[in-house]
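Here's the letter readout for the chains.
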Amino acid sequence: MIVLIDTHAHLDFPKFKNDLDKVLGRARQAGVEAIINAGADQRSSKNSVALSRKYPQVGASVGIHPHSAAEVGGSWMDELASLAGSDTVLAVGEMGLDYYRNLSPREDQEKVFREQLRLACRVDKPAIIHSRDAHEETLRILKEEELPSRVGVMHCFSGDRRLAGDFLDLGFYISLAGPLTYPKSHALRDLLHYIPEDRLLFETDAPYLSPQAYRGKRNEPAYVKLVYERAALTLGQDLEKLAEQVYINAVRLFSDQLVDRI
Ligand code: NI
């Protein structure tokens, strides 16, 4: 049996409001036995924890996406800290910088990013990092700040080989998503030959970034199988063997609790 893990999805988003049970059913049918649900703001983080309590196959992450950094105020960070300590919370994030859309001022993004890194250290859970058009700045902050013992994952990685090397040197895992299946993503597929097999993860980022076969439609955890399949094809590897390795990686990063959920 092939066990797949979707290390990054947003099942708490409104797009899944009406059919989440069916979505999770299709995930299980596809072999997706565990899903990390990434929080994106205060409400989403609360809902992420609620999902992890309701569905045994869902592990939560809690965090504030750079888009929402400007909204952070009052007791937000205290609330996030208390959520981060919950037993079904396996990681902190997604956190980071997004200079592509710049929905929050850059100073706010950087401040909230640093605060979440410190929180991840305090609760000693890995960090899920979002970086878009801001790789150099993200790298600088990660080098300046202390990192949690299991470090974390560069989610939906889109940088080049040199950047991948820099993040790998810091101890990060690299997670690849639907864009791996796009016809023009040659550079991303080449990266597969460079990332050490024990540092590789896959994800959907559902409802976003659907693989080629479902492009333009809502993405969902079942489709992570297409990312695994494309990677196996590129590497000339057996899908089963690749899935086994990625499973070991995910458990090493997100803790044995992930096993309890499978
Ligand atoms: Ni995301």
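Residues numbered from 1 in each chain as written. Predicted model: local features only at pLDDT ≥ 70, side-chain atom pairs only at ≥ 80, totals over all residues. Heavy atoms only, no water.

**Looking at the overall build of the chain**
A count of helical and extended segments in the chain gives 10 helices and eight strands. Against the compact-globule benchmark of 18 Å for 262 residues, the chain has a radius of gyration of 17 Å, which places it among compact chains. With the principal axes as the frame, the chain shows a C-alpha extent of 50 × 40 × 35 Å. Put simply, the chain has 262 residues, and 60% of those count as buried. For the chain, the share of sequence-separated contacts (at least 6 apart) that also reach a separation of at least 24 residues comes to 72%. If you sum the accessible surface of the chain, you get close to 11,200 Å²; carbon and sulfur atoms cover 48% of it. Of the charged side chains in the chain, 33 are positive and 38 negative; the average position of the first set lies 5 Å away from that of the second. (Helix = DSSP H or I, 4+ residues; strand = E, 2+ residues; numbered from the N terminus. Rg over C-alpha atoms; globule rule 2.2 N^0.38 Å. Buried < 20%, exposed > 50% of the residue type's maximum accessible area, 1.4 Å probe, protein only. Contact = heavy atoms within 4.5 Å. Areas by Shrake-Rupley, 256 points an atom, 1.4 Å probe, with all protein chains shown as cover. Lys, Arg positive; Asp, Glu negative; His and termini not counted. Charge placed at Lys NZ, Arg CZ, Asp CG, Glu CD.)

**Thoughts on the layout of surface pockets**
Over the atoms, a rolled probe matching the size of one water molecule traces out where space is still vacant. Taken as a whole, the largest pocket holds about 920 Å³ of empty space. Lining the largest pocket are 31 residues, with His-65, His-130, Arg-132, Asp-205 and Tyr-208 positioned closest to its centre. Sorting the residues of the lining of the largest pocket by element identifies helix H2 (42–54), strand S4 (89–98) and strand S5 (127–132) as the ones contributing at least two each. Each pocket or cavity is described by its volume, and for the second largest pocket that value is around 170 Å³. Contributing elements (two or more residues each) for the lining of the second largest pocket: helix H1 (20–29) and H2. Top contributing element to the lining of the second largest pocket by residue count: H2, with four residues. Taken together, the residues of the lining of the second largest pocket sort by class into seven nonpolar, one polar and four charged. (1 Å grid on protein atoms, 1.4 Å probe; cavity = no way out; pocket = protein on both sides within 12 Å on 5 of 7 lines; lining within 4 Å. Points joined across faces, edges and corners; volume = space filled by probe spheres on them. Nonpolar A, V, L, I, M, F, W, Y, C, P; charged D, E, K, R; others polar.)

**Some thoughts on the side chain of Asp-12**
With respect to the element layout, Asp-12 can be found in the loop between strand S1 (4–9) and H1. Here the side chain of Asp-12 touches Ser-44 through a polar contact of 2.9 Å, side chain to side chain. Leave out the neighbours within four places in its chain, and Asp-12 touches Asn-37, Ala-38, Ser-44, Asn-47 and Leu-51. (Polar contact = N/O pair within 3.5 Å; in protein donor to acceptor, adjacent residues only side chain to side chain.)

**Brief notes about the packing of aromatic side chains**
Tallying each qualifying case throughout the model produces five aromatic pairs. Geometrically, the ring pair formed by Phe-13 and Tyr-208 is edge-to-face, given 6.0 Å between the ring centres and 75 degrees between the ring planes. Of the two residues, Phe-13 is situated in the loop between S1 and H1 and Tyr-208 in the loop between strand S8 (200–202) and helix H8 (224–235); the sequence distance between them amounts to 195 residues. Judged by its relative accessible area of 16%, Phe-13 is buried. Residue Tyr-208 is classed as partly exposed on the basis of its relative accessible area, which comes to 43%. Each residue in the set Phe-157, Phe-167 and Phe-172 is aromatic and connected to the rest through ring pairs, giving one cluster. (Phe/Tyr/Trp six-rings, centres within 6.5 Å; stacked < 30°, edge-to-face > 60°.)

**Focus: the coordination of the nickel ion**
Distances from the nickel ion to its protein donors, namely His-8 (NE2), His-10 (NE2), Glu-94 (OE) and Asp-205 (OD), fall within the range 2.1 to 2.3 Å. Around the nickel ion, the four donor atoms are arranged such that angles at the metal cover 82 to 172 degrees; this shape is classified as irregular. Sequence positions of the residues that donate to the nickel ion give the spacing H-x1-H-x83-E-x110-D. Considered together, His-8 and His-10 belong to a single accessibility category, that of buried residues. (Donors = N, O, S within 2.8 Å, 3.2 Å for Na, K, Ca; no water. Tetrahedral: all angles 85-135°; square planar, octahedral: opposite > 155°, others 65-115°.)

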